[in-house]
Amino acid sequence: MAESLAEAVSRRRTFAIIAHPDAGKTTLTEKLLLFGGAIQLAGEVKAKKDRIQTRSDWMKIERERGISVVTSVMTFEYEGNVFNILDTPGHEDFADDTYRTLTAVDAAVMVIDAAKGIEPRTLKLFEVCRMRDIPIITFINKMDRESRDPFEILDEVEEKLALDCAPVTWPIGRAKTFCGSYHLATNEVRGADTQERLTKVNDPEMASHRLPENEREAFVEELTLAIEACKPFDRKAFLEGHLTPVYFGSALRNFGVRDLINALGAYAPPPRDQVADIRTVHAAEDKMTAFVFKIQANMDPNHRDRIAFARVCSGKLERGMKARLARTGKLIGLTAPQFFFASQRQLADTAYAGDVVGIPNHGTLRIGDTLTEGEALVFEGVPNFSPEILRRVRLEDAMKAKKLKEALHQMAEEGVVQLFSPEDGSPAIVGVVGALQLDVLKERLQQEYGLPVSFEMSRFSVCRWISADNPADLEKFVTVRRGDIARDLDGDPVFMAQDAFSLRYEHERHPAIKMAAIKEYH
Ligand code: GDP
């Protein structure tokens, strides 16, 4: 019998992995795909990445610097559930991309290096998750190395993140003697993920026999304390974002990964309701809705295509259907939506709420766009962050100004940079959150458009989106301060200031003008 829409939707688990660089996100992703059956050999993700990189010139930067710039999605099916992992760039210079990706997930896995505990980027990403009430599963990685005491790590999570911890498993042994995990509620023991088996034991004493004799007593004591003292897992508190289930493991040595997949299947929520301007959309509604959170160009230079990554929010997206693009009100044909697996892309005949599909297009779709089967609604919440760095683009060949304008417009639509056009007609200003984004821009302008450019300081260093309750106030401000006003890609006005001090000063002088550091796409 054909699966109902509600059933198909309830099997979806869409999540991201958040971590400080080096904590093991890439390794864990590989292992999730490996034990999830999506790939035969770990290493394929990296190999695949390399392949894409050599095919796409602009990703040279990524290769040279050994950082991950591109957000991608990978799908696998395991024990009845469909998992969509949304990868996020590790480097903070691409933080805006990461934040937008987090608008498209229902849960997150927080990877913590057992020797380091909570690191700055973990904290930042966690805060974004909390803003959106995204439930978090914690994976304490690298237990095969010298690590901090598990109780100490849990305390740190509770303190620094104000998040209750419920360890579901406990590590057996440490560093060289680390050999698996003990399930605190079921008294089951699991060794390496490659062995796949759970063994039921009666008590900590029995589990301790896996350890060298001199470590057993301390282990039994510690585990007994953990069982008695730690909070039990509470799914409601987890779903509300107050409590995180914690797993210990080693992605590199294949420990704890199956526990984690099982936890995602059992505890992580199915696709959430999504807030739109006129109403809340439920995932299991019949009609398809989706929004675009990421645009990626030239994944395959042979096709010179541009892929919009869209998260399906409700219903099912079928190949060949026509969807209404909210921004223009026009219909677009979804003729070749794609799924992404570890080793290939594949045409997506049907995608359900929770799934992420790539939609090839030639510039029709932008970040933040909403697609529906006709209803005029717009999803809220895909953020745009005010840039930290503003620069003028200097073209070596002045004859190519028009081409540059087009190229910058496209880059801005993809979310590579933000583009601001000053009201006084002076040349456009690009804005980025991190300096590496400028490198990507430079490289891509050179490679894809044959435009060698350099960057010049602008007399502005900060900017804010401006609005006012009374349109006349805004109009007046825009007219009087014409030299400091620019328009973003959507034509919304932005106030540009020399520095934070003058921004504050102007803000105080013009209380009717609201100045926002974050703009939500609409
Ligand atoms: P990312 O920057 O978070 O994606 O981290 P990677 O997955 O690239 O891992 C960073 C480094 O830590 C690599 O050298 C990995 O081999 C290593 N690593 C990852 N997981 C483990 C682990 O469980 N144990 C040990 N000992 N090393 C690990």
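Relevant structure appears above.
**Describing helix α5 (residues 95-102)**
The periodicity of an α-helix, 3.6 residues per turn, causes residues three or four places apart in sequence to face the same way.
Now for step 1: Of all 8 residues making up α5, 8 are buried, and the element is well covered by its neighbours.
Now for step 2: Buried within α5 we find A95, D96, D97, T98, Y99, R100, T101 and L102.
Now for step 3: In the core, the buried residues of α5 are packed alongside β1 (12-19), β3 (81-86), α6 (120-131), β14 (289-297), β24 (383-385) and α13 (435-449).

**Topic: the packing of α5 against α6**
Now for step 1: Running from N to C, α5 and α6 point in directions that differ by 40°, and their axes come no closer than 10 Å. With respect to α6, the element α5 is oriented oblique. By crossing handedness, the relation of α5 to α6 is classed as right-handed. For the pair formed by α5 and α6, the contact residues are A95, T98, Y99 and L102 on the first element and R121, K124, L125, V128 and C129 on the second.
Now for step 2: In terms of residue class, the contact of α5 with α6 is made up of 6 nonpolar, 1 polar and 2 charged.

**Details of the site of the ligand**
Now for step 1: In the vicinity of the ligand there are 15 residues, among which D22, K25, T26, T27 and D144 approach most closely.
Now for step 2: A distance of 2.4 Å is found between an oxygen atom of the ligand and a side-chain nitrogen or oxygen belonging to T26.
Now for step 3: The side chain of D144 places a nitrogen or oxygen atom 2.8 Å from a nitrogen atom of the ligand.
Now for step 4: Considered on its own, the ligand offers 580 Å² of accessible surface; in the complex 78% of this is hidden by protein.
Now for step 5: Looking at the shell around the ligand residue by residue, the classes come out as 4 nonpolar, 6 polar and 5 charged.

**Section: the layout of surface pockets**
Now for step 1: The calculated volume of the second largest pocket comes to roughly 480 Å³.
Now for step 2: What lines the second largest pocket is a set of 20 residues, and nearest its centre among them are L404, K405, L408, P427 and A428.
Now for step 3: Those elements giving two or more residues to the lining of the second largest pocket turn out to be β25 (389-395), α12 (401-414) and β26 (418-422).
Now for step 4: Looking at the lining of the second largest pocket element by element, the count peaks at 5 residues for α12.

**What to know about the nonpolar core**
Now for step 1: Counting residues in each nonpolar core, the largest one holds 83 residues, and the members touching the most others are L102 and W170.
Now for step 2: For this core, the element with the highest residue contribution is strand β15 (residues 306-314), accounting for 6 residues.
Now for step 3: For W170, the contacting residues outside a window of four places in its chain are P150, F151, L154, G180, S181, Y182, L184, E222, L223, A226, C230 and F248.

**Details of unusual backbone geometry**
Now for step 1: Notably, A162 is not glycine yet its phi reads approximately 50°, a positive angle.
Now for step 2: Its location among the elements puts A162 in the loop between α7 (150-161) and β6 (164-167).

**Some details on the pairing of β14**
Now for step 1: Burial of β14 is extensive: 9 of the 9 residues sit out of reach of the surface.
Now for step 2: Direction of pairing for β14 relative to β15: antiparallel, over a ladder of 8 bridges. What sits directly across from K294, in β15, is F309.
Now for step 3: Where β14 meets strand β23 (residues 370-372), 3 bridges bridge the pair, whose relative direction is antiparallel. The residue of β23 that forms the bridge with T289 is T372.

**As for the sheet that holds strand β4 (residues 107-113)**
Now for step 1: Pairing within the open sheet is mixed, and its 7 strands lie in the order β2-β3-β1-β4-β5-β11-β6. Two strands lie at the open edges of the sheet, namely β2 (73-78) and β6, each paired on one side alone. If you compare each strand with its neighbour and ignore which way they point, the axes differ by 30° on average.
Now for step 2: Here β2 runs beside β3; their pairing, made up of 6 bridges, is antiparallel. Directly across from F76, in β3, lies its bridge partner F83.
Now for step 3: On top of the sheet, helix α2 (residues 25-35) reaches β1, β2, β3, β4 and β5 (136-141); it is set at about 155° to β1, its chief contact.

**Here's the deal with the environment of F35**
Now for step 1: Among the structural elements, F35 can be located in helix α2.
Now for step 2: Separated by 385 residues in the primary sequence, F35 and F420 place their C-alpha atoms 46 Å from one another.
Now for step 3: For F35, the residues in contact, after removing those within four places along its chain, are Y78, D193, T194, N254, V257, R258 and I261.

**Some details on the side chain of D488**
Now for step 1: By the secondary structure assignment, D488 is in the loop between β30 (485-487) and β31 (493-497).
Now for step 2: Residue classification places D488 among the buried residues on the basis of a relative accessible area of 10%.
Now for step 3: A polar contact is formed between the side chain of D488 and the backbone nitrogen of D492, at a distance of 2.9 Å.
Now for step 4: A distance of 2.6 Å separates polar atoms of two side chains, one belonging to D488 and the other to K519.

Criteria and thresholds
- Residues numbered from 1 in each chain as written.
- Predicted model: local features only at pLDDT ≥ 70, side-chain atom pairs only at ≥ 80, totals over all residues.
- Heavy atoms only, no water.
- Buried < 20%, exposed > 50% of the residue type's maximum accessible area, 1.4 Å probe, protein only.
- Helix = DSSP H or I, 4+ residues; strand = E, 2+ residues; numbered from the N terminus.
- Contact = heavy atoms within 4.5 Å.
- Axes fitted to C-alpha atoms, helices over the stretch in contact; angles between N-to-C directions.
- Parallel < 35°, antiparallel > 145°, perpendicular 65-115°, else oblique.
- Left-handed = near helix turned anticlockwise from the far one by under 90°.
- Nonpolar A, V, L, I, M, F, W, Y, C, P; charged D, E, K, R; others polar.
- Near = heavy atom within 4 Å.
- Polar contact = N/O pair within 3.5 Å; in protein donor to acceptor, adjacent residues only side chain to side chain.
- Areas by Shrake-Rupley, 256 points an atom, 1.4 Å probe, with all protein chains shown as cover.
- 1 Å grid on protein atoms, 1.4 Å probe; cavity = no way out; pocket = protein on both sides within 12 Å on 5 of 7 lines; lining within 4 Å.
- Points joined across faces, edges and corners; volume = space filled by probe spheres on them.
- Core = buried A, V, L, I, M, F, W, Y, C linked by side-chain atoms within 4.5 Å.
- Pairing = 2+ DSSP bridges.

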